[in-house]
Amino acid sequence: MVYEIREFGTLQNNDLQRIIMAYKIPLFQLNFDEAEEKAVVEILRSKWISMGPQSQALEEKFAKMLGSNHAAAMANCTAALHLALLALDVKEGDEVLCPSLSFAATVNCIKYVGATPRFCDVESLEKPTISIDQIKANFSEKTKAIIVMHYAGHPCNMDAIMRFANEKNIPVIEDACHAPLSEWNGKKLGTIGAIGCYSFFSNKNISTGEGGMLITDDAKIYEKVKLLRSHGMTTMSFERSKGHATAYDIVELGYNYRLDDIRASIGLVQLEKLPSDLAKRKFVREWYLKELENMSSIVVPFANNTDFSSNYVFTINLVDSDYEKRDALRNFMHENGIQTSVHYPAIHRFSIYQNLPADLPITEYVCDNTLTLPMYGNLSKEEVSFICDTLKKGIQHVFG
Ligand SMILES: Cc1ncc(COP(=O)(O)O)c(C=O)c1O
């Protein structure tokens, strides 16, 4: 058996458990207890396990917590991003402005609809989110949408981005995978543009294994997305099972992007826990910031962000460094029992995107010199101290 795990690469069977156990401090810990188990057992016993009342309850709770008119549960965030572009009628010949500093799904979805990604650089090491100057520079009459990604749970420059997008009448899709309940100027991230997309992948703030959500205030977008989520069918099997409808029509070419009720039941528990988990993460971030202040060898992105953040991950950017030194530091951390990651390898450097124009010096520097440290609600102050002491020793070891 071979496992594909984003943080681990390809592993053989028992290696997975051994490696997870080998880290004194993992990158992430699932915030699961008996509540998730109980919820799943109840749904299994209810005998309705595909999309149904649990998914609907999750949508309603999510929309309420985010302050959005509509929420549509999805199989994952990649599906949400795909349907977001379809709902906005983005198609072949169109261009979509996007960051390269993100997970590949942020950009793959543009290719799904036959459009072309136009990569924009990020602002700086301090603010590695899409740059408004780059958005302006890459805008053309072909631009049909802008995708922004709220890196690590911190907001993009939404003031300037929304002003420009509104001026040009171009919709903004917020990839808010990192940012459930994060805010910008008192507004929840994901509710500022036309559509917000979220992931419930295992290592996200809300974990259901696989899963996602699309939110919008626009009723037309919501109706279209609901149709496309389930084969373009006019009724759902849950409605038919209740005798509310006996027939259906297929009115558009849709997909099966539904979430099932087993995962939705986990999502409901996770959503209930989210505010207290984020409150704990806030402390973890403060401990990190205190331990790492005045270090000239690193920049802590968003160190001055005062908006509420989900603190999905905690990253640092090395100064006067290169990827070999970063990787040596990463190895040092691993040898000392601390799991780290890299958010992210630049998308424009992947083979399938190499033919596209990309002049992205800041993105390339960040991708080569960033390191993600462990972040989860149950991380203790002592563990954060241990991580930061090890990091300082590692920097001394690698940079001299
Ligand atoms: C920024 C970003 N966008 C999109 C995705 C895709 O989400 P999913 O795995 O739910 O399809 C992820 C998840 O890893 C992500 O981190």
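Residues numbered from 1 in each chain as written. Predicted model: local features only at pLDDT ≥ 70, side-chain atom pairs only at ≥ 80, totals over all residues.

**Q** Tell me what's going on with the overall build of the protein, and back it up with residues and numbers.
**A** Secondary structure assignment for the protein yields 13 helices and 14 strands. Computed over the C-alpha atoms, the radius of gyration of the protein is 21 Å, within 12% of the 21 Å expected from 2.2 N^0.38 for a compact globule of 400 residues. By the burial criterion, 47% of the 400 residues in the protein qualify as buried. (Helix = DSSP H or I, 4+ residues; strand = E, 2+ residues; numbered from the N terminus. Rg over C-alpha atoms; globule rule 2.2 N^0.38 Å. Buried ≥ 20, exposed ≤ 12 C-beta atoms within 10 Å, placed from the backbone.)

**Q** With reference to specific residues and values, describe the environment of Leu125.
**A** Mapped onto the elements, Leu125 comes out in the loop between strand 5 (116–120) and helix 6 (132–138). As a C-alpha pair, Leu125 and Arg281 span 156 residues in sequence and 22 Å in three-dimensional space. Apart from residues lying up to four places away in sequence, Leu125 is in contact with Val299, Pro301, Asn317 and Val366. (Contact = placed C-beta atoms within 7 Å.)

**Q** How would you explain the site of the ligand if you had to name every residue and give the values?
**A** Taken together, 14 residues form the shell around the ligand, and within it Asn76, Cys77, Thr78, Phe103 and Ser199 come nearest. Here the shell around the ligand is built from residues that sort into six nonpolar, seven polar and one charged. (Near = placed C-beta within 6 Å. Nonpolar A, V, L, I, M, F, W, Y, C, P; charged D, E, K, R; others polar.)

**Q** Lay out the packing of helix 4 (residues 77–87) against helix 5 (residues 105–112) in plain terms, naming residues and giving numbers.
**A** Two numbers describe how helix 4 lies on helix 5: the axes approach to 9 Å, and their chain directions differ by 45°. When the interaxial angle is binned, helix 4 and helix 5 end up oblique. By crossing handedness, the relation of helix 4 to helix 5 is classed as right-handed. Taking contact as the criterion, the partners of Cys77, Thr78, Leu81, His82 and Leu85 in helix 4 are, on helix 5, Ala105, Thr106, Asn108, Cys109, Ile110 and Tyr112. (Axes fitted to C-alpha atoms, helices over the stretch in contact; angles between N-to-C directions. Parallel < 35°, antiparallel > 145°, perpendicular 65-115°, else oblique. Left-handed = near helix turned anticlockwise from the far one by under 90°.)

**Q** Would you mind going over helix 5 in detail, with residue names and values included?
**A** Turning to helix 5, its buried residues are Ala105, Thr106, Val107, Cys109 and Ile110. The secondary structure elements touched by the buried residues of helix 5 are helix 4, strand 4 (95–99), strand 5, strand 6 (143–149) and strand 7 (172–175). In the stretch just after helix 5, Gly114 is the one whose phi turns positive, near 85°.

**Q** So what's going on with the pairing of strand 11 (residues 212–216)? Which residues, and what values?
**A** Across the five residues of strand 11, five count as buried, placing the element largely inside the fold. Of the two faces of strand 11, both are covered, the one formed by Gly212, Leu214 and Thr216 as well as the one formed by Met213 and Ile215. Strand direction decides the pairing type here: strand 3 (residues 70–74) and strand 11, joined by five bridges, are antiparallel. For Ala71, the partnering residue across the bridge sits in strand 11 and is Ile215. Looking at chain direction, strand 10 (residues 195–199) and strand 11 are connected through five bridges and run antiparallel. Within the sheet, the bridge partner assigned to Cys197 lies in strand 11 and is Leu214. (Pairing = 2+ DSSP bridges.)

**Q** Quick rundown of the sheet that holds strand 13 (residues 314–318)? Include the residues and the values.
**A** One open sheet holds the three strands; their spatial order is 12-13-14, and the pairing between them is antiparallel. With partners counted over all chains shown, the strands left at the sheet margins are strand 12 (298–299) and strand 14 (370–373), one partner each. In terms of strand pairing, strand 12 meets strand 13 through two bridges, oriented antiparallel. Of the residues in strand 13, the one forming a bridge with Val299 is Asn317.

**Q** Tell me what's going on with the sheet that holds strand 4, and back it up with residues and numbers.
**A** Sheet strands line up and pair through hydrogen bonds in the backbone, either parallel or antiparallel. Spatially, 3-11-10-7-6-4-5 is the arrangement adopted by the seven strands of the open sheet, whose pairing is mixed. A strand with exactly one partner marks an edge of an open sheet, and here the two such strands are strand 3 and strand 5. Averaged over all adjacent pairs, the angle separating strand axes in this sheet is 20°, with direction ignored. With three bridges connecting them, strand 4 and strand 6 associate as parallel partners. Within the sheet, the bridge partner assigned to Leu97 lies in strand 6 and is Ile146.

**Q** Tell me what's going on with the nonpolar core, and back it up with residues and numbers.
**A** Among the nonpolar cores identified, the biggest contains 107 residues, and Met74, Ala80, Leu83, Ala84, Leu85, Cys197 and Leu214 are the most heavily contacted of them. Per-element tally for this core: the top contributor is helix 4, with nine residues. Each of domain 1 (2–31 + 275–399) and domain 2 (34–269) accounts for three or more of the residues forming this core. (Core = buried A, V, L, I, M, F, W, Y, C linked by C-beta atoms within 7 Å. Domains from an automatic or database assignment.)

**Q** Break down the domain arrangement of the protein for me, citing the residues and quoting the values.
**A** Segmentation of the protein into domains returns domain 1 (2–31 + 275–399) and domain 2 (34–269). Between domain 1 and domain 2, the C-alpha centre-to-centre distance is 25 Å. Listed per partner, the contact involves 31 residues of domain 1 and 31 residues of domain 2. Residue assignment for the side of domain 1 that touches domain 2 shows that the elements contributing at least two residues are helix 10 (261–292), strand 13 and helix 12 (361–369). Among the elements that line the side of domain 1 that touches domain 2, the one with the most residues is helix 12, at five residues. Residues belonging to the side of domain 1 that touches domain 2 are distributed by class as follows: 21 nonpolar, eight polar and two charged.

**Q** I'd like a description of helix 12, backed by residues and values.
**A** Residues that lie three or four places apart on an α-helix share one face, since the helix turns once every 3.6 residues. Those residues of helix 12 that sit buried are Thr363, Tyr365, Val366, Cys367, Asp368 and Asn369. Residues of helix 12 that are buried in the fold lie against strand 13, helix 11 (323–335) and strand 14.

**Q** Give a description of the packing of helix 10 against helix 13 (residues 381–399) that names residues and reports values.
**A** Helix-helix packing is characterised by the crossing angle of the two axes and by the distance between the axes. Following both chains from N to C, one finds helix 10 and helix 13 inclined at 35°, their axes separated by 10 Å at the closest point. Between helix 10 and helix 13 lies a crossing whose hand is right-handed. The segment helix 10 lies against helix 13, with Val284, Trp287, Tyr288, Glu291 and Leu292 engaging Lys381, Val384, Ser385 and Cys388.

**Q** Any details on the pairing of strand 14? Residues and values, ideally.
**A** Two faces belong to every sheet, and in a regular strand the side chains alternate between them. The side-chain alternation of strand 14 yields two buried faces, one formed by Thr370 and Thr372 and the other by Leu371 and Leu373. As judged from the four bridges shared by strand 13 and strand 14, these two strands associate in the antiparallel manner. Counted as the bridge partner of Asn317 is Thr370 from strand 14.

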